[in-house]
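As a plain string of letters, each chain reads:
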Amino acid sequence: AQSVTQLDSQVPVFEEAPVELRCNYSSSVSVYLFWYVQYPNQGLQLLLKYLSGSTLVKGINGFEAEFNKSQTSFHLRKPSVHISDTAEYFCAVSGRDTGNQFYFGTGTSLTVIP
Amino acid sequence: GAGVSQSPRYKVAKRGQDVALRCDPISGHVSLFWYQQALGQGPEFLTYFQNEAQLDKSGLPSDRFFAERPEGSVSTLKIQRTQQEDSAVYLCASSPRTGGLGYTFGSGTRLTVV
């Protein structure tokens, strides 16, 4: 089975500052990795995913993440945040050969301060 | 439809009542998933359908939980004799392929058991 740890439950950051949301995973098999964003009272929206190839993945809304196999990490970054980025962010992992089930972290609440 | 539709958006049930939550996936999507998201937590897998076949129900927390997708499109998650610990947001997701790489999530049903 796989598991995900999001080390920071809450991250406050000033508008236009950079941000990094941390995600570490554990798995005995090769994985796919994902970041989702959840706005209040809404479902999950895919930000980006790593399936294979380049370890630097670019997603929507200016976000990017880097897959680091040796550190089993998949941290999410944005060089300059906006007020509209305030939301809950979830990292998720899926086994390559058992890709039906996603394992989500507990989420990081990003608050952008004007 | 354009997205995954879930109904009702909100449901309040008295302890011991039975509830039924509906998911209308994107037309033609083969795979359908149910997740449970408790307050302050990430979504947790409940069950997975490929067309009408329920291929994985390992995440259902008890035999009070039952899901079906009889015609391979609409799915219903039924909870019998609801308990307070069932209070959560129930998320449905669908994917055009087998497995979950192309998930689209619905907005969820928030169940409150009083």
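Above this text you will find the structure in question.
The paragraphs below set out a description of the structure included in this document. Source: prediction; values computed, not measured.

Let us look at the overall build of chain B. Of the regular secondary structure elements, chain B holds 0 helices and 11 strands. Traced from its N-terminal end to its C-terminal end, chain B shows the element sequence β-β-β-β-β-β-β-β-β-β-β. Across its three principal axes, chain B shows a C-alpha extent of roughly 40 × 25 × 25 Å. Among the 114 residues that make up chain B, the fraction classed as buried is 47%. When contacts within chain B are restricted to residue pairs at least 6 apart in sequence, those whose partners lie at least 24 apart make up 53%. Counting only carbon and sulfur atoms, one obtains 46% of the accessible surface of chain B, whose full area is about 5400 Å².

A word on the state of the cysteines. Residues and elements named next belong to chain B. Applying the stated rule across the entire model yields 2 disulfides over all chains. Put simply, Cys23 and Cys92 are joined by a disulfide, and their sulfur atoms are 1.9 Å apart. Between Cys23 and Cys92 the disulfide shows an S-S torsion of about -65°. By sign, it is left-handed. Note that Cys23 is positioned in strand 3 (residues 19-24) and Cys92 in strand 9 (residues 88-95), a separation of 69 residues in sequence. When sorted by exposure, Cys23 lands in the same class as Cys92, which is buried.

Each partner contributes to the interface: chain B provides 22 residues, whereas chain A provides 18 residues. Both faces considered, chain B and chain A share a buried interface measuring about 1500 Å² in area, 53% of it formed by carbon and sulfur atoms. Among the residues of chain B in contact with chain A, B:Pro43, B:Leu101 and B:Phe105 are the three that bury the most area, contributing 34% of the side total. Applying the counting criterion to the chain B and chain A interface returns 2 residue pairs in polar contact (both at pLDDT 80 or more). Considering every element that reaches the side of chain B that touches chain A, the biggest residue donor is strand 4 (residues 31-37) of chain B, with 3 residues. Residues of the side of chain B that touches chain A, tallied by class, amount to 10 nonpolar, 9 polar and 3 charged.

Quick look at the environment of B:Lys11 now. All names here are of chain B. Mapped onto the secondary structure, Lys11 falls in strand 2 (residues 10-13). For Lys11, a relative accessible area of 31% puts it in the partly exposed group. Along the chain, Lys11 and Val113 lie 102 residues apart, while their C-alpha atoms are 8.4 Å from each other. If we ignore the near neighbours within four places in the chain, the residues touching Lys11 are Val19, Thr109, Arg110, Leu111 and Thr112.

Within the largest apolar cluster, 28 residues are counted, with the highest numbers of intra-cluster contacts made by A:Leu33, A:Trp35, A:Leu47, A:Leu48, A:Phe74, A:Leu76 and A:Tyr89. Within the residue set of this core, elements represented by two or more residues are strand 2 (10-14), strand 3 (19-21), strand 5 (31-38), strand 6 (44-50), strand 8 (64-68), strand 9 (73-78), strand 10 (87-95) and strand 12 (108-113) of chain A. If sequence neighbours within four positions are ignored, A:Leu47 has contacts with A:Trp35, A:Tyr36, A:Val37, A:Gly59, A:Ile60, A:Asn61, A:Phe63, A:Leu76 and A:Tyr89. Membership of the second largest hydrophobic core comes to 20 residues, among which are B:Val19, B:Leu21, B:Phe65 and B:Val113.

The rules behind these values
Residues numbered from 1 in each chain as written. Chains lettered and ligands numbered in written order. Predicted model: local features only at pLDDT ≥ 70, side-chain atom pairs only at ≥ 80, totals over all residues. Heavy atoms only, no water. Helix = DSSP H or I, 4+ residues; strand = E, 2+ residues; numbered from the N terminus. Buried < 20%, exposed > 50% of the residue type's maximum accessible area, 1.4 Å probe, protein only. Contact = heavy atoms within 4.5 Å. Areas by Shrake-Rupley, 256 points an atom, 1.4 Å probe, with all protein chains shown as cover. Disulfide = S-S within 2.5 Å. Buried area = accessible area lost by both parts, 1.4 Å probe. Polar contact = N/O pair within 3.5 Å; in protein donor to acceptor, adjacent residues only side chain to side chain. Nonpolar A, V, L, I, M, F, W, Y, C, P; charged D, E, K, R; others polar. Core = buried A, V, L, I, M, F, W, Y, C linked by side-chain atoms within 4.5 Å.

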